[in-house]
Amino acid sequence: MRGKSKIGVYGILIAGTLWVAFLAGCLNGGFLQYGSLRGRVLSVAGAPLDGVLVEVANRSTLTLADGSFLIDKVPTGKRYVFFSHSDYAGRVLEVDIAADTICDVNPEGVVYLAEKTPQTQRDFLFEIYQLGFYERVVDEANSFLVLYPQDSLQGDVLFVRGASLYYLEEYAKSVADLNAVINSYPESEFADDAQYLLAKSYGEGYGDYYRAISEYRRLIEQYPQSDLVGAAYYEIGDCYYILGDYFGAYQSYQQVQEFGGELERKSIYAIGHCMYKLNNFLEAARYFDEYVSRYPNTDLSDDAQYFEGAALYRAERFSEALAAFEACVERYPQGTWYNGIAIAPAALFHKGLCLERLQRYAEAYQIYLYIIKNYPGAKWADGSSLIKSVRFRIDWLNQSVF
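Cut-offs used in this document
Within every chain, residues take consecutive numbers counted from 1 along the sequence as written. Where totals are concerned, whole chains, interfaces and linings use all residues; where local detail is concerned, this predicted model gives features only for residues with pLDDT of at least 70, and gives and counts side-chain atom pairs only at 80 or more. The side-chain figures draw on all heavy atoms in the structure; neither hydrogens nor water molecules are used. At least two bridges found by DSSP between two strands are what make those strands a pair. A run of H or I in DSSP counts as a helix once it spans at least four residues, and a run of E counts as a strand once it spans at least two, with each numbered from the N terminus. Geometry is summarised by axes, namely lines fitted to C-alpha atoms with helices restricted to the contacting stretch, and by angles between N-to-C directions that run from 0 to 180 degrees. In what follows, a contact means two residues having at least one pair of non-hydrogen atoms within 4.5 Å. Exposure categories follow from relative accessible area, calculated using a 1.4 Å probe and restricted to protein chains: below 20% of the type maximum is buried, above 50% is exposed, and the middle band is partly exposed.

Trainee: Please explain the sheet that holds strand β6 (residues 88–97) as it appears in this structure.
Mentor: Whenever strands of a sheet pair, they do so through backbone hydrogen bonds, lying parallel or antiparallel. With respect to topology, four strands assemble into an open sheet ordered β3-β2-β5-β6, the strand pairing being antiparallel. On the outer flanks of this sheet lie β3 (59–62) and β6, each paired with one strand and no other. Each neighbouring strand pair of the sheet contributes to a mean axis angle of 20°, computed without reference to strand direction. One ladder, built from four bridges, connects strand β2 (residues 53–56) with β3; its direction is antiparallel. Along β3, the bridge assignment pairs Val-56 with Arg-59. Running at roughly 35° to β6, helix α2 (residues 118–130) makes contact with β5 (77–85) and β6 of the sheet.

Trainee: How should I be thinking about unusual backbone geometry in this particular structure?
Mentor: It is generally the case that most residues other than glycine have a negative phi and that most peptide bonds are trans. Residues other than glycine seldom take positive phi values, yet Glu-169 does so here, at roughly 65°. Along the polypeptide, Glu-169 turns up in the loop between α4 (154–167) and α5 (171–184). Of the residues examined, Glu-169 reaches a relative accessible area of 57% and is grouped as exposed. For Asn-279, which is not a glycine, the phi torsion comes out positive at approximately 65°.

Shown next, in the form of structure tokens:
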């Protein structure tokens with residue numbers, strides 16, 4: 001033991017010093033790599049523009065008289081560069097910063113800015129909205145609405161600001177903007193989009209699902225040609241499901257079927273759950289089986305395969321349920337629930353239950369032992385212990401059967 005103490009106080013101090021240095025390096029970005037970004041900014045007519053604000057990765061500078069700029073200490077990787085000037089429309093470019101390299105802003109090394117007009121600024125707003133820069137959209141939209149209070153593009157800008165506020169979860173402000181688009185600019189190409197996001201604001205934002213249903217129905221009635229009608233029916237189904245009205249949800253999901261594509265795919269899975277909640281287990285199993293047959297490799301395929309087995313089990317079709325649970329484990333051995341918890345242990349447990357109901361007790365017992373050995377920390381989807389349930393079945397078999 002005495003030999004192990006030779007490090008003593010001095011060794012501890014040295015180790016501590018090294019650890020502090022390690023932390024300091026991390027905190028000061030010692031493990032980050034940097035490059036530089038350069039370029040020139042010109043007007044569309046070719047004149048150099050000075051005083052243009054160039055921003056990238058929390059670094060910024062102003063262009064010089066010849067329009068040139070250089071920004072050092074830019075973290076490596078894909079970055080977005082923003083260009084702003086009071087007289088010119090904003091612009092954004094994606095660049096790839098390499099370590100210890102002076103990188104050009106684009107192959108030509110030149111960025112052209114168009115004069116600021118309602119149209120060019122509106123286009124810039126939609127570009128950065130599509131890239132997900134919602135806070136910047138709100139700031140730029142605020143400036144637009146002050147600069148061009150009577151412009152015909154106000155409806156578009158109110159929409160893009162309201163949509164950005166929705167994604168920023170500022171629902172009260174979002175609702176105000178979206179209502180303004182619907183009521184003041186009913187002919188806007190974004191009126192249906194505004195109506196859709198308004199409904200989502202009441203549902204996902206405020207949890208007022210009855211109001212959300214009303215707003216989705218308004219979209220369906222007032223914008224029957226909108227590409228969002230199918231999505232509105234689907235969202236109505238979700239609202240009814242959350243409210244516990246499973247038949248109402250089923251009816252809405254059924255209406256989604258005619259729209260095909262991704263909406264139809266999701267609705268098949270959702271209808272299966274409605275049927276399950278309505279205790280129509282054979283119909284539920286049919287829908288889950290249809291989902292797996294048509295869409296065997298989606299993020300919901302493993303769930304659907306499991307619930308097909310669960311529905312058949314509830315319908316007391318134990319042999320068919322056994323086959324469904326076996327398929328779940330065989331086809332989706334790495335499948336997980338939405339929260340990352342493995343599905344296979346639950347499928348195996350229910351396989352054991354099916355074997356018990358078929359009086360194949362020894363096989364069920366072996367399944368339970370297999371779960372304990374191979375999934376020692378297994379949980380149910382809600383995070384509770386699945387192993388506890390397994391041990392209960394083992395104890396019951398030992399006391400009542402064997």
